[in-house]
Amino acid sequence: MTTSKATTEAPTPGEEPALNRAIGPKLLILFVIGDILGTGIYATTGKVAGKVGGALWLPFAIGFVVALLTAASYVELVGKYPKAAGAALYTQKAFKVPFFTFIIAFMVMCSGLSSASAAARAFSGDYLGELTNDALPPTLIAILFIVALAALNLRGVSESVKANVVLTLVEVTGLAIILAIGAYAVLSGDGEPSRLTDFEGGGGTGFALMTGILGATALGFFAFVGFEDSVNMAEETKDPARTFPRAIFIGVAVTGTIYVLVALVSSLLVDYKVLEGSSGPLLEVVKAGGIDFPHKLFALIALFAVTNSALINIMMASRLCYGMANERILPRAMGRVLSRRRTPVVGIVFVSLLAIGLVSTGEIEGLGDTTAFLLLCVFAVVNVAVLVLRRDPVEHKHFRAPTVLPVLGAITALVLASPLADRPAEVYIRAGVLLAIGIGLWAVNKVVLKARGEE
């Protein structure tokens, strides 16, 4: 097996400096956990409850299985091709259709930006309202929030990942508080166990119930997105073929278990209608838990959690731009790196501007559902790509997923991305507009390449 070494040499004149391999196994595990935890569970739990009722745990349990299936495909592919472009690289190698590759890459980037926008909206919502008097407009707060994260990303990957570690520990602490409150409630005989099997929010029985559960799972899947972002850190990770399998599987397993337990506690202590009406649903759980835990302190923890989500998504989108530029899918300028800080400066500025634009396009639920829809489409393609690329062996050893996993992963992703999931029309419209922008950028890039005689 070939082992990648950290790059320490200065670049030769005329070359862009390589990214710095600064991420080891422990940092990567925390990075994956921190990437998955955050906005989804802290901000959209109530909206998921509104779709399925008190059986809130079921969509998260199904989402856990779907995430695990697709994670296996990503682990195999990143082991074979440890490059920063992620799904775009896998799509190009499998199908060799540049236009399709660009669309997939653009969908991944936009999913990160819609996720960061949802996090920014969550930051300026009820959790912040618990701490302040809302002196500034929420949209302005969200914009300033994204600008601050862009500045941190420009400082360097080491600083960003270390900030991620701190924020991850804080957000895990917040979820641990929720679980402790739940344990106390069970031991004290509080709560309402009958809610755990209540599908009242699912819209009835039969087909309506099924679509309600699928819709809740599709929205709840937003809480699981993030593990796929970590593959874009392959060029900044030490020995990625060995490091990624353990990190991704541990990350998905830990977060999936936490999510199901948090959902159980939320339904046990709070009626689903109360959860649905709040943009800070876990704060409602704290208030109903029977433990005198400071509400403002928990709100502060929740703000750290959504900050972590936005930080990672801005970071990943910029690395995806860098990878696409190196693959000539985007203009080479998108791969420009600050020689001193060795961060993809143009990519960071570009995605931050797009995120600022998205902040004003919808609320948390709509942006979260858009993120999940875009990624479910991408996951279906990745699960097919891993099977196609079995015909392309590599010399070094890497993880190989059992064939049944990517097959089931593709099927489940397509079902959750389909109209069976009962998502609002605005999600499809927003995704369609983003794809139209992507097609426009593709056309511009083709013209530039042709003008330079590079096509």
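Refer to the structure printed above.
A short tour of the structure in this document, coming up. (Residues numbered from 1 in each chain as written. Predicted model: local features only at pLDDT ≥ 70, side-chain atom pairs only at ≥ 80, totals over all residues. Heavy atoms only, no water.)

Focus on the overall build of the protein
The cut-off we apply is this: Only DSSP runs of H or I reaching four residues or more are called helices, and only runs of E reaching two or more are called strands; each is numbered from the N terminus. We compute the radius of gyration from the C-alpha atoms alone; for a globule the expected value is 2.2 Å times N to the 0.38, where N is the number of residues. Exposure classes here rest on a 1.4 Å probe applied to the protein chains alone. A residue is buried below 20% of its type maximum, exposed above 50%, and partly exposed in between. Whether two residues are in contact is decided by their heavy atoms, any of which lying within 4.5 Å being enough. Only the protein chains shown count as cover for residues, and all accessible areas are computed by the Shrake-Rupley method using a 1.4 Å probe. Within this scheme the basic residues Lys and Arg register as positive and the acidic residues Asp and Glu register as negative, but His and the chain ends are omitted. Charge positions come from single atoms, namely NZ of Lys, CZ of Arg, CG of Asp or CD of Glu.
Per the secondary structure count, the protein includes 18 helices and 0 strands. In summary, the protein has a C-alpha radius of gyration of 21 Å against a globular reference of 23 Å for 455 residues, a match within 12%. Looking at the protein as a whole, 56% of its 455 residues are labelled buried. The long-range fraction of contacts in the protein, counting pairs at least 24 apart against all pairs at least 6 apart in sequence, stands at 83%. Per element, the accessible surface of the protein, about 17,400 Å² overall, is 65% carbon and sulfur. Across the protein, the 35 positively charged side chains and the 33 negatively charged ones have centroids separated by 11 Å.

Quick look at a nonpolar patch on the surface
What counts, and what does not: The patches described consist of residues with a relative accessible area above 30% and no salt bridge, like charges being joined within 9 Å and nonpolar side chains (Val, Leu, Ile, Met, Phe, Trp, Tyr) within 5 Å. Salt-bridge detection follows one rule: a side-chain nitrogen of Lys or Arg within 4 Å of a carboxyl oxygen of Asp or Glu.
A cluster of nonpolar side chains, F207, M210, L387, V404, V407, L408, I411, V415 and L420, forms an exposed patch at the surface whose accessible area comes to about 720 Å². Per-element accounting of the nonpolar patch gives the leading share, 5 residues, to helix α17 (residues 404-417). Structurally, the position occupied by V415 is in helix α17. The partly exposed category is assigned to V415, whose relative accessible area is 31%.

Let's talk about the nonpolar core
We apply this condition: Each nonpolar core is a collection of buried residues, namely Ala, Val, Leu, Ile, Met, Phe, Trp, Tyr and Cys, held together in the definition by side-chain atoms within 4.5 Å.
Judged by nonpolar contacts, the single largest core of 140 residues is most densely connected at Y42, F60, F227 and F298. In terms of residues, this core owes the most to one element, helix α14 (residues 295-326), which gives 18 residues. Excluding its chain neighbours within four sequence positions, the residues that come into contact with F60 are I41, T45, V48, G220, A223, F224, Y259, V260 and A263.

Observations concerning the pattern of salt bridges
Pairing between side chains of opposite charge can happen when the charged atoms of each approach one another. Evaluation of the coordinates by the stated rule reveals 4 salt bridges. The partner of R423 in a salt bridge is D369, and the shortest N-O contact between them spans 3.6 Å. Remark: D369 occurs in helix α16 (residues 364-388) and R423 occurs in the loop between α17 and α18 (425-451); sequence separation between them is 54 residues. We classify R423 as buried; its relative accessible area is 8%. Judged by relative accessible area, D369 falls into the buried class, the value being 2%.

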